[in-house]
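# Geometric and topological summary
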Amino acid sequence: PYIGPSSDEILAKRREYLSPSIMHLYKTPVNVVDGKMQYLFDDKGRRYLDAFGGIATVCCGHCHPDVVAAIVEQTKRLQHSTVLYLNHSIADFAEALASKLPGNLKVAFFTNSGTEANELAILIAKMYTGCHDVISLRNSYHGNATGTMAATAQSIWKFNVVQSGVHHAINPDPYRGIFGSEEEKYARDVQDIINFGTSGNVAAFVAEAIQGVGGIVEMAPGYLPLAYDMVRKAGGLCIADEVQAGFARVGSHFWGFETHGVVPDIVTVAKGIGNGIPLGAVVTTPEIAKALTQRNYFNTFGGNPVCTAAGLAVLRVIEKENLQENALLVGSYLKQRLNSLQDKYDLIGDVRGKGLMLGVEFVTDRELKTPAKDETLHLLDQLKELGVLVGKGGYYGNVFRITPALCFTKEDADFLVDAMDYSLSRI
Ligand code: PMP
(Lines give C-alpha, C1' and ligand atoms only; values in the text may rest on other atoms or scores of the structure.)
Protein backbone atom coordinates (compact mmCIF):
# COMPACT_ATOMS: atom_id res chain seq x y z
CA PRO A 1 0.00 0.00 0.00
CA TYR A 2 0.98 3.58 -0.70
CA ILE A 3 2.16 5.51 2.34
CA GLY A 4 3.29 8.73 0.63
CA PRO A 5 1.73 12.21 0.76
CA SER A 6 -1.96 12.62 -0.10
CA SER A 7 -3.27 14.49 -3.15
CA ASP A 8 -3.99 17.52 -0.94
CA GLU A 9 -0.46 17.57 0.43
CA ILE A 10 1.02 17.30 -3.06
CA LEU A 11 -1.29 20.05 -4.35
CA ALA A 12 -0.25 22.30 -1.46
CA LYS A 13 3.43 21.77 -2.27
CA ARG A 14 2.80 22.37 -5.96
CA ARG A 15 1.04 25.63 -5.15
CA GLU A 16 3.92 26.79 -2.99
CA TYR A 17 7.00 25.45 -4.75
CA LEU A 18 6.12 24.93 -8.39
CA SER A 19 5.51 27.35 -11.21
CA PRO A 20 1.95 28.69 -11.20
CA SER A 21 1.79 27.78 -14.89
CA ILE A 22 1.95 24.06 -14.10
CA MET A 23 -1.32 22.37 -15.06
CA HIS A 24 -3.19 19.19 -14.30
CA LEU A 25 -6.06 17.37 -15.92
CA TYR A 26 -9.32 17.01 -13.95
CA LYS A 27 -10.86 19.13 -11.23
CA THR A 28 -9.70 16.55 -8.71
CA PRO A 29 -6.43 15.34 -10.20
CA VAL A 30 -5.42 11.70 -9.96
CA ASN A 31 -2.46 10.94 -7.71
CA VAL A 32 -0.78 8.21 -9.76
CA VAL A 33 1.69 6.07 -7.89
CA ASP A 34 2.12 2.92 -9.99
CA GLY A 35 1.95 1.97 -13.62
CA LYS A 36 1.72 -1.39 -15.32
CA MET A 37 1.41 -1.63 -19.11
CA GLN A 38 -1.85 0.15 -20.12
CA TYR A 39 -2.91 0.73 -16.53
CA LEU A 40 -2.21 3.34 -13.88
CA PHE A 41 -2.93 2.98 -10.15
CA ASP A 42 -3.71 5.82 -7.77
CA ASP A 43 -2.80 6.25 -4.10
CA LYS A 44 -5.89 4.27 -3.05
CA GLY A 45 -4.93 1.34 -5.26
CA ARG A 46 -7.65 2.15 -7.81
CA ARG A 47 -6.86 1.01 -11.34
CA TYR A 48 -7.34 3.26 -14.38
CA LEU A 49 -7.22 2.30 -18.01
CA ASP A 50 -4.72 4.82 -19.39
CA ALA A 51 -5.83 5.70 -22.91
CA PHE A 52 -3.56 8.74 -23.11
CA GLY A 53 -0.21 7.51 -21.77
CA GLY A 54 1.03 6.45 -25.17
CA ILE A 55 1.80 9.95 -26.25
CA ALA A 56 2.90 11.42 -22.98
CA THR A 57 5.42 8.78 -22.11
CA VAL A 58 4.84 5.20 -23.03
CA CYS A 59 5.01 3.31 -26.23
CA CYS A 60 5.31 -0.26 -24.96
CA GLY A 61 3.31 0.10 -21.73
CA HIS A 62 4.08 1.56 -18.31
CA CYS A 63 7.13 0.01 -16.70
CA HIS A 64 7.49 -2.58 -19.45
CA PRO A 65 9.83 -5.18 -17.89
CA ASP A 66 12.25 -5.32 -20.85
CA VAL A 67 12.66 -1.55 -20.91
CA VAL A 68 13.00 -1.32 -17.13
CA ALA A 69 15.64 -4.07 -17.23
CA ALA A 70 17.62 -2.25 -19.92
CA ILE A 71 17.49 1.01 -17.94
CA VAL A 72 18.46 -0.61 -14.64
CA GLU A 73 21.28 -2.62 -16.16
CA GLN A 74 22.79 0.39 -17.90
CA THR A 75 22.29 2.64 -14.84
CA LYS A 76 24.22 0.16 -12.72
CA ARG A 77 27.06 0.03 -15.22
CA LEU A 78 27.44 3.63 -16.33
CA GLN A 79 25.54 6.84 -16.85
CA HIS A 80 27.45 9.74 -18.38
CA SER A 81 27.48 12.19 -21.23
CA THR A 82 28.21 10.26 -24.41
CA VAL A 83 29.63 13.17 -26.28
CA LEU A 84 33.22 13.03 -25.09
CA TYR A 85 33.81 9.29 -24.73
CA LEU A 86 32.87 6.14 -26.55
CA ASN A 87 30.06 3.92 -25.41
CA HIS A 88 28.21 1.29 -27.42
CA SER A 89 24.71 2.29 -26.28
CA ILE A 90 24.38 5.45 -28.39
CA ALA A 91 25.85 3.75 -31.46
CA ASP A 92 23.60 0.70 -31.13
CA PHE A 93 20.46 2.79 -30.84
CA ALA A 94 21.48 5.05 -33.74
CA GLU A 95 22.01 1.98 -35.93
CA ALA A 96 18.66 0.48 -34.91
CA LEU A 97 16.84 3.77 -35.51
CA ALA A 98 18.39 4.12 -38.97
CA SER A 99 17.24 0.60 -39.84
CA LYS A 100 13.63 1.74 -39.34
CA LEU A 101 13.91 4.75 -41.68
CA PRO A 102 13.67 4.83 -45.47
CA GLY A 103 16.15 6.20 -47.98
CA ASN A 104 19.32 7.78 -46.77
CA LEU A 105 17.86 8.93 -43.44
CA LYS A 106 20.47 7.35 -41.26
CA VAL A 107 22.40 9.93 -39.26
CA ALA A 108 21.08 10.73 -35.77
CA PHE A 109 21.58 13.57 -33.31
CA PHE A 110 20.14 12.83 -29.91
CA THR A 111 18.31 15.25 -27.63
CA ASN A 112 16.35 15.17 -24.38
CA SER A 113 12.95 16.25 -25.70
CA GLY A 114 10.78 16.91 -28.70
CA THR A 115 11.28 20.64 -28.43
CA GLU A 116 15.05 20.22 -28.57
CA ALA A 117 14.76 17.85 -31.51
CA ASN A 118 12.67 20.29 -33.53
CA GLU A 119 14.88 23.24 -32.56
CA LEU A 120 17.86 21.33 -33.85
CA ALA A 121 16.08 20.21 -37.01
CA ILE A 122 15.19 23.80 -37.84
CA LEU A 123 18.74 24.92 -37.07
CA ILE A 124 20.17 22.24 -39.35
CA ALA A 125 17.78 23.26 -42.14
CA LYS A 126 18.83 26.91 -41.78
CA MET A 127 22.53 26.03 -41.78
CA TYR A 128 22.17 23.67 -44.73
CA THR A 129 20.10 25.97 -46.93
CA GLY A 130 21.51 29.31 -45.83
CA CYS A 131 17.90 30.50 -45.59
CA HIS A 132 15.87 31.76 -42.68
CA ASP A 133 12.19 31.32 -43.54
CA VAL A 134 10.30 28.32 -42.19
CA ILE A 135 6.77 27.22 -43.03
CA SER A 136 4.61 25.31 -40.58
CA LEU A 137 0.91 24.51 -40.46
CA ARG A 138 -1.68 26.39 -38.46
CA ASN A 139 -2.92 24.45 -35.43
CA SER A 140 0.42 22.64 -35.14
CA TYR A 141 2.51 22.06 -32.02
CA HIS A 142 6.27 21.67 -32.37
CA GLY A 143 7.65 22.78 -29.00
CA ASN A 144 8.06 25.76 -26.73
CA ALA A 145 11.57 27.17 -27.19
CA THR A 146 12.27 30.14 -29.46
CA GLY A 147 12.25 28.47 -32.87
CA THR A 148 9.68 25.82 -32.05
CA MET A 149 7.28 28.24 -30.36
CA ALA A 150 7.45 30.22 -33.56
CA ALA A 151 6.64 27.11 -35.58
CA THR A 152 3.84 26.14 -33.18
CA ALA A 153 0.67 27.74 -34.49
CA GLN A 154 -1.92 27.93 -31.76
CA SER A 155 -2.17 31.15 -29.75
CA ILE A 156 -2.75 29.22 -26.53
CA TRP A 157 0.81 27.90 -26.70
CA LYS A 158 2.54 31.08 -27.86
CA PHE A 159 3.93 33.76 -25.57
CA ASN A 160 4.26 37.29 -26.79
CA VAL A 161 7.99 37.24 -27.56
CA VAL A 162 9.86 37.70 -30.82
CA GLN A 163 9.11 34.76 -33.11
CA SER A 164 10.43 35.71 -36.49
CA GLY A 165 10.74 33.94 -39.77
CA VAL A 166 7.93 31.39 -39.53
CA HIS A 167 4.93 31.50 -41.86
CA HIS A 168 1.85 29.47 -40.98
CA ALA A 169 0.11 27.83 -43.89
CA ILE A 170 -3.61 27.11 -43.95
CA ASN A 171 -4.20 23.84 -42.18
CA PRO A 172 -5.38 21.13 -44.60
CA ASP A 173 -7.94 19.97 -42.03
CA PRO A 174 -10.73 17.97 -43.71
CA TYR A 175 -13.18 18.63 -40.85
CA ARG A 176 -12.75 22.32 -40.02
CA GLY A 177 -10.57 23.53 -42.90
CA ILE A 178 -11.96 26.12 -45.30
CA PHE A 179 -11.31 23.92 -48.35
CA GLY A 180 -12.63 20.64 -46.93
CA SER A 181 -10.53 17.85 -48.41
CA GLU A 182 -9.34 19.75 -51.49
CA GLU A 183 -5.62 19.24 -51.09
CA GLU A 184 -4.60 21.35 -54.08
CA LYS A 185 -6.25 24.47 -52.71
CA TYR A 186 -4.49 24.07 -49.39
CA ALA A 187 -1.16 23.42 -51.09
CA ARG A 188 -1.58 26.58 -53.13
CA ASP A 189 -1.26 28.51 -49.87
CA VAL A 190 2.23 27.06 -49.37
CA GLN A 191 3.19 28.33 -52.81
CA ASP A 192 1.62 31.72 -52.05
CA ILE A 193 3.67 31.98 -48.86
CA ILE A 194 6.83 31.18 -50.80
CA ASN A 195 5.95 33.63 -53.58
CA PHE A 196 4.67 36.52 -51.52
CA GLY A 197 6.14 36.10 -48.05
CA THR A 198 9.75 35.09 -48.70
CA SER A 199 12.64 35.77 -51.06
CA GLY A 200 11.51 32.73 -53.00
CA ASN A 201 13.82 30.46 -51.07
CA VAL A 202 12.99 28.86 -47.74
CA ALA A 203 14.85 26.86 -45.11
CA ALA A 204 12.20 24.34 -44.15
CA PHE A 205 8.66 23.10 -44.03
CA VAL A 206 7.71 21.30 -40.84
CA ALA A 207 4.54 19.31 -40.22
CA GLU A 208 3.10 16.53 -38.10
CA ALA A 209 1.60 13.60 -40.04
CA ILE A 210 -1.41 13.84 -37.72
CA GLN A 211 -1.60 16.88 -35.45
CA GLY A 212 -1.59 15.69 -31.85
CA VAL A 213 -1.98 18.64 -29.50
CA GLY A 214 -4.11 20.26 -32.20
CA GLY A 215 -6.75 17.57 -31.64
CA ILE A 216 -5.76 14.53 -33.74
CA VAL A 217 -6.21 16.39 -37.00
CA GLU A 218 -5.46 14.46 -40.17
CA MET A 219 -4.39 16.11 -43.41
CA ALA A 220 -6.41 16.23 -46.59
CA PRO A 221 -5.11 13.17 -48.50
CA GLY A 222 -2.59 14.10 -51.18
CA TYR A 223 -1.61 17.40 -49.54
CA LEU A 224 1.81 16.50 -48.19
CA PRO A 225 3.43 15.38 -51.48
CA LEU A 226 2.29 18.63 -53.10
CA ALA A 227 3.60 20.77 -50.25
CA TYR A 228 6.92 18.88 -50.13
CA ASP A 229 7.35 19.42 -53.83
CA MET A 230 6.79 23.18 -53.60
CA VAL A 231 9.12 23.54 -50.64
CA ARG A 232 11.88 21.55 -52.32
CA LYS A 233 11.57 23.65 -55.47
CA ALA A 234 12.15 26.68 -53.19
CA GLY A 235 15.33 25.04 -51.90
CA GLY A 236 13.85 24.07 -48.54
CA LEU A 237 14.08 20.90 -46.50
CA CYS A 238 11.02 18.93 -45.41
CA ILE A 239 10.89 18.08 -41.72
CA ALA A 240 8.52 15.40 -40.44
CA ASP A 241 7.69 15.92 -36.78
CA GLU A 242 7.05 12.33 -35.71
CA VAL A 243 7.08 13.10 -31.99
CA GLN A 244 3.50 11.85 -31.67
CA ALA A 245 2.66 9.98 -34.85
CA GLY A 246 5.89 8.00 -35.18
CA PHE A 247 7.09 4.70 -33.76
CA ALA A 248 4.38 2.29 -34.95
CA ARG A 249 1.46 4.29 -33.54
CA VAL A 250 -0.43 4.74 -36.82
CA GLY A 251 -0.43 0.97 -37.24
CA SER A 252 -0.38 0.67 -41.02
CA HIS A 253 3.18 2.02 -41.07
CA PHE A 254 6.02 2.61 -38.65
CA TRP A 255 6.08 6.34 -39.41
CA GLY A 256 3.24 8.79 -39.86
CA PHE A 257 4.82 10.36 -42.95
CA GLU A 258 4.74 6.98 -44.71
CA THR A 259 0.93 7.14 -44.72
CA HIS A 260 1.29 10.22 -46.95
CA GLY A 261 3.71 8.57 -49.36
CA VAL A 262 6.57 11.02 -48.77
CA VAL A 263 10.17 10.71 -47.61
CA PRO A 264 11.25 13.72 -45.55
CA ASP A 265 14.74 15.21 -45.38
CA ILE A 266 14.72 15.36 -41.60
CA VAL A 267 12.70 13.33 -39.09
CA THR A 268 12.26 14.29 -35.43
CA VAL A 269 11.18 11.88 -32.69
CA ALA A 270 10.69 12.01 -28.90
CA LYS A 271 8.05 11.23 -26.23
CA GLY A 272 7.16 7.52 -26.31
CA ILE A 273 10.43 6.42 -27.93
CA GLY A 274 12.10 6.13 -24.50
CA ASN A 275 8.97 4.64 -22.89
CA GLY A 276 9.02 7.34 -20.25
CA ILE A 277 12.72 8.18 -20.29
CA PRO A 278 13.68 11.61 -21.73
CA LEU A 279 14.91 10.91 -25.23
CA GLY A 280 14.58 12.69 -28.53
CA ALA A 281 16.31 12.47 -31.89
CA VAL A 282 16.81 14.21 -35.20
CA VAL A 283 17.52 11.85 -38.06
CA THR A 284 18.69 13.10 -41.44
CA THR A 285 20.96 12.26 -44.35
CA PRO A 286 24.77 12.27 -44.09
CA GLU A 287 24.93 15.21 -46.47
CA ILE A 288 22.50 17.39 -44.52
CA ALA A 289 24.06 16.36 -41.21
CA LYS A 290 27.33 17.91 -42.36
CA ALA A 291 25.76 21.36 -41.88
CA LEU A 292 26.36 21.03 -38.16
CA THR A 293 30.09 20.61 -38.59
CA GLN A 294 30.37 24.35 -39.29
CA ARG A 295 30.54 24.93 -35.51
CA ASN A 296 30.69 22.81 -32.36
CA TYR A 297 27.40 21.20 -31.47
CA PHE A 298 27.16 19.79 -27.96
CA ASN A 299 24.30 18.30 -25.95
CA THR A 300 25.40 16.98 -22.53
CA PHE A 301 22.73 14.34 -22.04
CA GLY A 302 21.44 13.88 -25.58
CA GLY A 303 21.98 10.21 -26.34
CA ASN A 304 23.35 9.25 -22.93
CA PRO A 305 23.86 5.51 -22.29
CA VAL A 306 20.79 4.98 -20.09
CA CYS A 307 18.32 6.75 -22.37
CA THR A 308 19.60 5.15 -25.54
CA ALA A 309 19.54 1.73 -23.85
CA ALA A 310 15.84 2.43 -23.19
CA GLY A 311 15.32 3.49 -26.80
CA LEU A 312 16.88 0.30 -28.13
CA ALA A 313 14.79 -1.82 -25.75
CA VAL A 314 11.64 -0.03 -27.00
CA LEU A 315 12.44 -0.83 -30.62
CA ARG A 316 13.01 -4.48 -29.70
CA VAL A 317 9.75 -4.70 -27.77
CA ILE A 318 7.82 -3.17 -30.69
CA GLU A 319 9.16 -5.94 -32.89
CA LYS A 320 8.99 -8.80 -30.41
CA GLU A 321 5.40 -8.04 -29.42
CA ASN A 322 4.19 -6.99 -32.89
CA LEU A 323 3.00 -3.70 -31.48
CA GLN A 324 2.62 -2.04 -34.87
CA GLU A 325 0.25 -4.78 -35.98
CA ASN A 326 -1.58 -4.48 -32.66
CA ALA A 327 -1.95 -0.72 -33.17
CA LEU A 328 -3.53 -1.41 -36.55
CA LEU A 329 -5.87 -4.18 -35.36
CA VAL A 330 -6.99 -2.66 -32.08
CA GLY A 331 -6.96 0.88 -33.47
CA SER A 332 -9.21 -0.08 -36.41
CA TYR A 333 -11.57 -1.91 -34.08
CA LEU A 334 -11.68 1.03 -31.68
CA LYS A 335 -12.30 3.52 -34.47
CA GLN A 336 -15.14 1.39 -35.78
CA ARG A 337 -16.74 1.32 -32.32
CA LEU A 338 -16.27 5.09 -31.96
CA ASN A 339 -17.92 5.57 -35.35
CA SER A 340 -20.94 3.62 -34.09
CA LEU A 341 -21.02 5.87 -31.05
CA GLN A 342 -21.11 8.86 -33.40
CA ASP A 343 -24.21 7.40 -35.05
CA LYS A 344 -25.85 7.26 -31.64
CA TYR A 345 -24.92 10.69 -30.23
CA ASP A 346 -25.20 14.02 -32.06
CA LEU A 347 -22.65 15.47 -29.66
CA ILE A 348 -19.92 13.59 -31.55
CA GLY A 349 -19.10 15.73 -34.57
CA ASP A 350 -16.11 13.79 -35.85
CA VAL A 351 -14.11 10.62 -35.25
CA ARG A 352 -10.66 10.55 -36.83
CA GLY A 353 -7.09 9.39 -36.72
CA LYS A 354 -5.16 6.26 -37.53
CA GLY A 355 -4.10 3.23 -35.53
CA LEU A 356 -3.85 4.09 -31.86
CA MET A 357 -3.84 7.83 -32.48
CA LEU A 358 -7.55 8.62 -32.47
CA GLY A 359 -9.62 11.71 -31.81
CA VAL A 360 -13.28 12.33 -31.02
CA GLU A 361 -14.51 15.89 -31.50
CA PHE A 362 -17.56 17.05 -29.55
CA VAL A 363 -19.88 19.71 -30.96
CA THR A 364 -23.23 21.08 -29.79
CA ASP A 365 -24.32 21.63 -33.40
CA ARG A 366 -23.12 19.35 -36.17
CA GLU A 367 -23.80 21.86 -38.94
CA LEU A 368 -22.13 24.84 -37.24
CA LYS A 369 -19.52 22.60 -35.57
CA THR A 370 -19.91 24.59 -32.35
CA PRO A 371 -17.26 23.30 -29.95
CA ALA A 372 -18.82 21.48 -26.97
CA LYS A 373 -16.14 22.60 -24.58
CA ASP A 374 -18.01 22.21 -21.29
CA GLU A 375 -19.44 18.85 -22.28
CA THR A 376 -15.94 17.62 -23.20
CA LEU A 377 -14.61 18.59 -19.77
CA HIS A 378 -17.60 16.97 -18.09
CA LEU A 379 -17.17 13.75 -20.07
CA LEU A 380 -13.46 13.70 -19.31
CA ASP A 381 -14.24 13.80 -15.59
CA GLN A 382 -17.02 11.22 -15.89
CA LEU A 383 -14.69 8.82 -17.66
CA LYS A 384 -12.14 9.24 -14.94
CA GLU A 385 -14.81 8.33 -12.37
CA LEU A 386 -15.43 5.18 -14.40
CA GLY A 387 -11.72 4.37 -14.41
CA VAL A 388 -10.70 5.56 -17.87
CA LEU A 389 -8.16 8.30 -18.62
CA VAL A 390 -8.17 10.03 -22.00
CA GLY A 391 -6.51 13.23 -23.17
CA LYS A 392 -8.03 16.51 -24.24
CA GLY A 393 -6.90 18.67 -27.12
CA GLY A 394 -7.79 20.83 -30.07
CA TYR A 395 -7.71 24.59 -30.21
CA TYR A 396 -11.16 24.76 -28.58
CA GLY A 397 -10.44 22.03 -26.04
CA ASN A 398 -13.30 19.90 -27.37
CA VAL A 399 -11.46 16.82 -28.63
CA PHE A 400 -10.74 13.58 -26.83
CA ARG A 401 -7.26 12.36 -27.64
CA ILE A 402 -7.07 8.59 -27.46
CA THR A 403 -3.45 7.54 -27.64
CA PRO A 404 -2.83 4.57 -25.36
CA ALA A 405 0.27 2.45 -25.06
CA LEU A 406 0.55 0.21 -28.12
CA CYS A 407 -0.25 -2.89 -26.03
CA PHE A 408 -3.89 -1.73 -25.73
CA THR A 409 -6.29 -4.66 -26.28
CA LYS A 410 -9.73 -5.05 -27.86
CA GLU A 411 -11.14 -5.55 -24.37
CA ASP A 412 -9.61 -2.22 -23.34
CA ALA A 413 -11.16 -0.62 -26.43
CA ASP A 414 -14.55 -2.05 -25.46
CA PHE A 415 -14.23 -0.81 -21.90
CA LEU A 416 -13.30 2.66 -23.13
CA VAL A 417 -16.19 2.90 -25.60
CA ASP A 418 -18.70 1.43 -23.14
CA ALA A 419 -17.62 3.99 -20.56
CA MET A 420 -18.03 6.76 -23.15
CA ASP A 421 -21.43 5.40 -24.15
CA TYR A 422 -22.59 5.37 -20.54
CA SER A 423 -21.28 8.88 -19.87
CA LEU A 424 -22.79 10.28 -23.06
CA SER A 425 -26.18 8.68 -22.28
CA ARG A 426 -26.30 10.63 -19.02
CA ILE A 427 -25.43 14.06 -20.42
N1 PMP B 1 6.26 17.95 -31.42
C2 PMP B 1 5.03 17.46 -31.18
C3 PMP B 1 4.22 16.94 -32.33
C4 PMP B 1 4.53 17.41 -29.87
O5 PMP B 1 3.32 16.92 -29.64
C6 PMP B 1 5.35 17.89 -28.82
C7 PMP B 1 4.86 17.85 -27.37
N8 PMP B 1 3.53 17.96 -27.17
C9 PMP B 1 6.60 18.39 -29.12
C10 PMP B 1 7.04 18.40 -30.43
C11 PMP B 1 7.51 18.90 -28.03
O12 PMP B 1 7.95 17.83 -27.26
P13 PMP B 1 8.48 18.07 -25.76
O14 PMP B 1 7.30 18.38 -24.91
O15 PMP B 1 9.15 16.76 -25.43
O16 PMP B 1 9.46 19.18 -25.81
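By the naming in an unreviewed UniProt entry, the protein chain goes by alanine--glyoxylate transaminase and is assigned to Arachis duranensis. Turning to the protein chain, the UniProt record has this under Catalytic activity (unreviewed entry): "glyoxylate + L-alanine = glycine + pyruvate".

## Some words on the packing of helix α7 (residues 183-197) against helix α8 (residues 223-233)
It is at 9 Å that the axes of α7 and α8 come closest, and there the two elements cross at 20°. It follows from the interaxial angle that α7 and α8 lie roughly parallel. Handedness of the α7/α8 crossing: right-handed. For the pair α7 and α8, contact is made by Glu183, Glu184, Tyr186, Ala187, Val190, Gln191 and Ile194 and by Tyr223, Leu226, Ala227, Met230 and Val231, respectively. Class assignment of the residues belonging to the contact of α7 with α8 gives a composition of nine nonpolar, one polar and two charged.

## What about the domain arrangement of the protein chain?
When the domains of the protein chain are assigned, the result is domain 1 (7-60 + 322-425) and domain 2 (65-320). Here the C-alpha centre of domain 2 lies 25 Å away from the C-alpha centre of domain 1. Contact with domain 1, which involves 29 residues of that partner, is made by 30 residues of domain 2. When residues in the side of domain 1 that touches domain 2 are grouped by element, the largest group, five residues, is from helix α11 (residues 323-344).

## Considerations on the pairing of strand β4 (residues 107-111)
In terms of burial, β4 is largely enclosed, as four of its five residues are buried. Of the strand pairs in this sheet, β4 and strand β12 (residues 280-284) are connected by five bridges, and their pairing is antiparallel. The residue bridging Phe110 from the neighbouring strand is Ala281, located in β12.

## Examining the sheet that holds strand β3 (residues 47-50)
Pairing is mixed in the open sheet, where four strands are placed in the order β1-β2-β3-β16. The sheet is open, and its two edges are formed by β1 (32-36) and β16 (388-389), each paired on a single side. With two bridges joining them, β3 and β16 adopt parallel strand pairing. Within the sheet, the bridge partner assigned to Leu49 lies in β16 and is Val388.

## Considerations on the confidence of the model for the protein chain
On average, residues of the protein chain score 96 in pLDDT, and 100% of them are at 70 or above. Across the protein chain, the secondary-structure element scoring lowest on mean pLDDT is helix α2 (residues 53-56), at 81, and the one scoring highest is strand β10 (residues 237-241), at 99. For this predicted complex, the interface score ipTM comes out at 0.99, alongside a pTM of 0.98.

## Topic: the packing of helix α4 (residues 88-99) against helix α10 (residues 305-320)
Here α4 crosses α10 at 35°, and the two axes come no closer than 8 Å. For the element pair α4 and α10, the recorded crossing hand is left-handed. From α4, Ser89, Ile90, Asp92, Phe93 and Ala96 reach across to α10, where they touch Pro305, Thr308, Ala309, Gly311, Leu312 and Leu315. Its residues placed into classes, the contact of α4 with α10 shows seven nonpolar, three polar and one charged.

## Description of α8
Every buried residue of α8 is accounted for by Tyr223, Leu224, Ala227, Tyr228, Met230 and Val231. Taken end-on, α8 shows its buried residues confined to a sector of 165°, consistent with a single buried face. Contact partners of the buried residues in α8: β5 (134-137), α7, β7 (204-208) and β10. Once α8 finishes, Gly235 follows within two positions and takes phi at roughly 80°, a positive value.

About the thresholds
Residues numbered from 1 in each chain as written. Predicted model: local features only at pLDDT ≥ 70, side-chain atom pairs only at ≥ 80, totals over all residues. UniProt positions renumbered as here; feature names shortened; annotations may be inferred. Axes fitted to C-alpha atoms, helices over the stretch in contact; angles between N-to-C directions. Helix = DSSP H or I, 4+ residues; strand = E, 2+ residues; numbered from the N terminus. Parallel < 35°, antiparallel > 145°, perpendicular 65-115°, else oblique. Left-handed = near helix turned anticlockwise from the far one by under 90°. Contact = placed C-beta atoms within 7 Å. Nonpolar A, V, L, I, M, F, W, Y, C, P; charged D, E, K, R; others polar. Domains from an automatic or database assignment. Buried ≥ 20, exposed ≤ 12 C-beta atoms within 10 Å, placed from the backbone. Pairing = 2+ DSSP bridges. pLDDT = per-residue confidence, 0-100. Arc of directions from axis to C-beta.

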